[in-house]
Amino acid sequence: MPPRLKVWAACRALSIRPRPLSARPPLRCAAVPVRTFADSTNTTNTTPAVPASKLPEGYEDPEPESQAKKNESEHDDNVLQALDKLKMISYGLNPFDPAVEGHKYGLPQLPLPSPMHMKHRYDDVVVQLTKLIMRDGKLSKAQRDMAMILNYLRTSPPPKINPSKPLMPGSPPAAHLPLDPITYITIAIDSVAPLVRVRALAGAAGGGKALDIPVPLAARQRRRMAFQWILDVVEKKPSKGSGRGMFPTRVAEEIVAVVEGRSGVWDKRFLLHKQATSARANLNYKAPPRRH
Amino acid sequence: MSASNCLRCCLLRPSVVGRAGATAATAKASAAATARLRQGMPLAAAAAASFSTTANRGANQKPKPGTKAAERNAPPSIRQGKLFTIKKKKKNDSGARVKSPLPGERKAFRKRILLSNTNALPVPGLTDLGAESMLDPSNVCKVLSLPDDVVDQLRADEAFKTTQCWSMFRKPSILIRTETVDLITRMHAAAKTNKTLRLVLTGDRVTGKSLMLLQAITQAHLNDWLVVNIPDAQELTTACTEYAPILDTEPIQYMQQNYVLKLIQAIKKSNEKLLLKLTTVFSHAGLPQNIPIKSPLMQLANSAKEAEGAWAVFQAMWQEMTAQGHGRPPMLLSLDGLTHIMRISDYRTPAFNPIHSHDLALVRLFTDHLSGATSLPNGGAVIAATNRNNAPRNPSMELALAQREAEQLGGGKDVPQPQPYLKGYDERVEAVLRNVQVIKLQGLSKLEARALMEYWAASGVLRITVDEKSVTEKWALGGSGVVGEMERASLLTMRF
């Protein structure tokens, strides 16, 4: 038999405590807060939990009359609060929602979203590119450079997309890119990233010749290859100005060039794909059994 | 060729073959080769004549004396000794040749200031600053934008710095802080009573000192004051501009004519309207051009065309701009980077003694007004901002500013005293800063931080919900609301 719904039973579970813990009288047996019910109007019938005979010798009740009055007013407040909570129950709300009660900023969302985790603060692509920019283990400098790259993308005008060098399918319109620089850079990298690499199998073609075999790449590998190509171009470019902002500016310019289809990186991708297409005939090559 | 030669040798001189004891097989091969030659077919199988030594002989054969080949192969003569030859450097043909930037282009690129980002969203409800906006305490914690004409004037004054984030927003706008209202009220009160406000803006790194100076300059422009701004005092004392002694000065002072010419041009550009309206009241001798009385001040400013004579023109302009009783407007004299002029400069006398910064005439003009030795007769303000990032060590200035600050707070005993064993105090610096007001900038309050973050979010550059939690987060990350650090934590980051 399911338990009956009882409003009064719910109220009985309400415990009323004086708010500041430190303001309590010194620890004694009788000071255990007396449980009252919200509907009890009689506030004077607070019988001590411990009879007076059991109190230690020389004990004096620290509650003079003013204290009693104060307690009374506090008690009224508590009653009002309890009534409020009852109202909340009647509206179908939980008055003791732990996300609200007792926390200054509420409880964190669980499971923790990944940006809240120290090691996953930044976007995956951004982290990978930052580490590729890093030289001599100076991660902090690389991060500053990456922030500058993203800021350059934010302030540059929307790219004019070249239809002959199409971006990833499903990418947002060009006008949306600058205010979302992480998507901007991700789309640029993913669009020029090669799908395969051509592996030269030494001696497999016979007569000491290498046999080219196309090998598919994972997403991370593809991005790495594409960004290395971009960095190769950037290293050969001269700076327009001077100062620490120049390297990030050049990288960002190249990324804009990629999205607009002006970059030489596209040619590298096409060449590689062409080579891979012609080498796909070798895909069914099986290595001969090893001779002992 | 050698192969065919060789074969031909074999064929033409059968005696050689015979002497070598040819077998039947070789004779057969030679016969076949002869047949091929007769048919006019090419001889491909060079390996067939493996026994032949003709090639070696050919290689060992000496070239004819006097030919080039002979010279090349001749061993160096003993008298010549060993020759050291430097190899020619290979030209880099890897990429297309790119033109390198012209001199000065790189610096111009580094120093360029972008004041608008067309990608940023226009902030709804953003109003322009008015002449009285920064006086009104109800405007505290509001972001207001700079009017377009004032932006041009501020550009001429070089009040915008490259390190500030102007390039991220649609329109240059500023946050009105409590300190802003305080500063502007003081400026206003001084101008009303024809007095000079002498004030130093100080504070930790990136707390907004230069921006506060920009706000003061903006207020001056909005209220039609004359503005003379020295944007970076470092340029005056690091010996990067020319200097020359001024005759008849004791102790001898130095003028920096190139810098002064640049300054005159900046004054001309930023105070254009006023200079066209105001007319000269004195006659000036010794200028590059004769300027009659009652001609506009702009004409006087225009007479400085070359560095030579620029200092004389500047002096004449100063005399005119501060003329008393001719309806001249109040004036703002401002300088950024006070630390650099409170030390011994990098210049030297002809006897190679160091020159104190206060012996440079332009710096002297500023310090005299800051110390109160000279005042602006039409009222106005002399405001200097310290700099922290690129600042030389300056114990006297630090001490003097700390003392003034403590005095302003009314602390009798808490006023810091000089350390008895520390070297490097400078009396001249102390004398200048003995009697100035100090505003120490600190972090923003949370309300101000919230207003600023709401502006960022409305511009679309900060893509988070601005609530109590996020404001507290950025405020704490920015070291209790240090505004530059808050910017770094929320705008110059890899997270959006």
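Residues numbered from 1 in each chain as written. Chains lettered and ligands numbered in written order. Predicted model: local features only at pLDDT ≥ 70, side-chain atom pairs only at ≥ 80, totals over all residues.

Rules: UniProt positions are given in the numbering used here, feature names are shortened, and annotations may be inferred rather than shown by experiment.
Named according to an unreviewed UniProt entry, chain B is Small ribosomal subunit protein mS29 originating from Lasiosphaeria miniovina. In its Subcellular location (unreviewed entry) section, the UniProt record describing chain B reads: "Mitochondrion". Entered under Sequence similarities (unreviewed entry) in the UniProt record, the comment concerning chain B runs "Belongs to the mitochondrion-specific ribosomal protein mS29 family."

Naming follows an unreviewed UniProt entry, where chain A appears as Small ribosomal subunit protein uS7m of Lasiosphaeria miniovina. Taken verbatim from the UniProt record of chain A, the Subcellular location (unreviewed entry) comment is "Mitochondrion". Heading Sequence similarities (unreviewed entry) of the UniProt record for chain A holds this comment: "Belongs to the universal ribosomal protein uS7 family."

**Considerations on the overall build of chain B**
Rule in force here: The helix and strand labels rest on DSSP assignments: H or I over at least four residues marks a helix, E over at least two residues marks a strand, and numbering proceeds from the N terminus. Three classes are used. A residue is buried when 20 or more other C-beta atoms lie within 10 Å of its own, exposed when 12 or fewer do, and partly exposed in between, with C-beta atoms placed from the backbone. Here contacts are defined at the residue level, using C-beta atoms placed from the backbone and a cut-off of 7 Å between them.
A count of helical and extended segments in chain B gives 21 helices and 11 strands. For chain B, buried positions account for 37% of its 496 residues. The contacts of chain B with a sequence gap of at least 6 include a subset with a gap of at least 24, amounting to 72%.

**Details of the packing of helix α5 (residues 181-192) of chain A against helix α7 (residues 246-259) of chain A**
All names here are of chain A. What counts here: A fitted line through C-alpha atoms serves as each axis, taken over the contacting stretch for helices, and the angle formed by two N-to-C directions is quoted from 0 to 180°. Any angle that is under 35 degrees is reported as roughly parallel, and any over 145 degrees as roughly antiparallel; angles of 65 to 115 degrees are reported as roughly perpendicular and all others as oblique. Note: crossing handedness is left-handed where the near helix turns anticlockwise from the far helix by less than a right angle, and right-handed where it turns clockwise. Each residue receives one of three labels: charged for Asp, Glu, Lys and Arg, nonpolar for Ala, Val, Leu, Ile, Met, Phe, Trp, Tyr, Cys and Pro, and polar for the others, Gly being one of them.
Put simply, α5 and α7 touch, their axes get as near as 9 Å, and they point 60° apart. In this view, α5 runs oblique relative to α7, as classed from their interaxial angle. With respect to the hand of their crossing, α5 and α7 are arranged in left-handed fashion. On α7, the residues touching Ile 185, Ile 187, Ala 188 and Val 192 of α5 are Ile 255, Val 258 and Val 259. Here the contact of α5 with α7 is built from residues that sort into seven nonpolar, no polar and no charged.

**Things to note about the interface of chain A and chain B**
Listed as interface residues are 22 residues of chain A and, on the opposing side, 21 residues of chain B. Of all the secondary-structure elements, those providing two or more residues to the side of chain A that touches chain B are α3 (124-133) and α4 (139-155) of chain A. Examining the composition of the side of chain A that touches chain B, we find that seven residues originate from one element, α4(A), more than from any other. Split by residue class, the side of chain A that touches chain B holds 11 nonpolar, seven polar and four charged.

**Re the nonpolar core**
Test applied: Note on terminology: a nonpolar core is a set of buried residues of type Ala, Val, Leu, Ile, Met, Phe, Trp, Tyr or Cys, with members joined through C-beta atoms within 7 Å. What fixes the domain bounds is an automatic or database domain assignment.
Judged by nonpolar contacts, the single largest core of 108 residues is most densely connected at B:Ala216, B:Val260, B:Ile264 and B:Leu332. No other element matches helix α9 (residues 209-222) of chain B, which puts eight residues into this core. Domain assignment of the residues forming this core places at least three in each of domain 2 (121-441) and domain 3 (446-490) of chain B. One finds A:Ala147, A:Ile189, A:Trp229 and A:Ile230 within the second-largest nonpolar core, a separate group that totals 32 residues.

**A few points about helix α14 (residues 310-321) of chain B**
All names here are of chain B. Here is the rule we go by: To estimate how far a helix should reach, multiply one less than its number of residues by 1.5 Å.
For α14, spanning 12 residues, the distance from its first C-alpha to its last is 16 Å, which sits close to the expected 16 Å at 1.5 Å a residue. Residues of α14 that are buried include every one of Ala 310, Trp 311, Val 313, Phe 314, Ala 316, Met 317, Glu 320 and Met 321, and no others. Elements in contact with the buried residues of α14: β4 (226-230), β6 (254-255), α11 (257-270), α13 (297-302) and β7 (331-336).

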